[in-house]
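As a plain string of letters, each chain reads:
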Amino acid sequence: MITPGTAYNCFSKFIFDGDTLTLDFRGADLRVRLRWIDTPEAQRSGINSTDPRILKHWEWAQKAKTALMELVAGKPIISIPIEKDQYDRWVCDCYLEKISVATNIQILQCKSGMGVSFVPFNRFAYNIRELAVLKGIITETASANRKKLGIWSDPDLILPNEFKKLTLS
């Protein structure tokens, strides 16, 4: 049984994309969506395009997935589930080996330029740990943008939230 707000020791089992993974929690699968970040959207089966911007977005999606794979490979992960999303995944804060801003996976994805902040507006009462993560995500997203790291190096980038609004067939 998973209790929101409780820290669980896990290991990476499968990476879906740059912000979604399956963790091994005591032999059981824990499907996780990293909280407060978004990464480029992967190409879905049966969906094609010749638009260079869309093709580039899909390339960035693969790079974000690879970055997450390399970040978590073989390392202990501490996952703190917050709530379930509409896809029955646990929205979590995740850390490598210990709970600290320096080891927060969401912050590290944004710092490398492989993720962007996806700031919530539905809740305003955060604990000190959550505030540090939220601040880190926003700060590192802005820093990566200024430095033109990762997805920010692409001047014609379609941001993940904009990409989701596109109608592709």
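Let us look at the structure shown here. (Residues numbered from 1 in each chain as written. Predicted model: local features only at pLDDT ≥ 70, side-chain atom pairs only at ≥ 80, totals over all residues. Heavy atoms only, no water.)

Across four bridges, strand β1 (residues 8-17) lies against strand β5 (residues 76-84) in antiparallel orientation. In the strand pairing of β5, C10 is matched with I77. In this structure, β1 lies alongside strand β2 (residues 20-25), joined through five bridges in antiparallel fashion. By the bridge assignment, F11 is partnered in β2 with D24. (Pairing = 2+ DSSP bridges. Helix = DSSP H or I, 4+ residues; strand = E, 2+ residues; numbered from the N terminus.)

Here the focus is the pattern of salt bridges. Inspection of the entire model under this criterion finds twelve salt bridges. The salt bridge involving D38 is made with R33; its shortest N-O contact spans 3.3 Å. R33 matches D38 in its accessibility class, with the two residues each being buried. Of the charged contacts in the structure, one is a salt bridge between E59 and K56, with a shortest N-O distance of 3.7 Å. Note that E59 and K56 are positioned in helix α1 (residues 52-72) at a spacing of three residues, about one turn of the helix. (Salt bridge = Lys/Arg side-chain N within 4 Å of Asp/Glu carboxyl O. Buried < 20%, exposed > 50% of the residue type's maximum accessible area, 1.4 Å probe, protein only.)

An order of β1-β2-β3-β6-β5 is seen for the five strands of this closed barrel, with the pairing classed as mixed. With direction set aside, neighbouring strand axes in the sheet form an average angle of 50°. Two elements, β2 and strand β3 (residues 28-34), share six bridges in a ladder whose sense is antiparallel. Its bridge partner lying in β3, L21 is registered against V32. On top of the sheet, α1 reaches β1, β2, β3, β5 and β6 (90-96); it is set at about 155° to β1, its chief contact. (Axes fitted to C-alpha atoms, helices over the stretch in contact; angles between N-to-C directions. Contact = heavy atoms within 4.5 Å.)

Position of R31 among the secondary structure elements: in strand β3. Assessed through its relative accessible area of 35%, R31 is described here as partly exposed. Here the alpha-carbon distance between R31 and V91, two residues 60 residues apart in the chain, equals 8.7 Å. Beyond its immediate chain neighbours, meaning those up to four positions away, R31 contacts F16, T20, L21, T22, Y87, R89 and W90.

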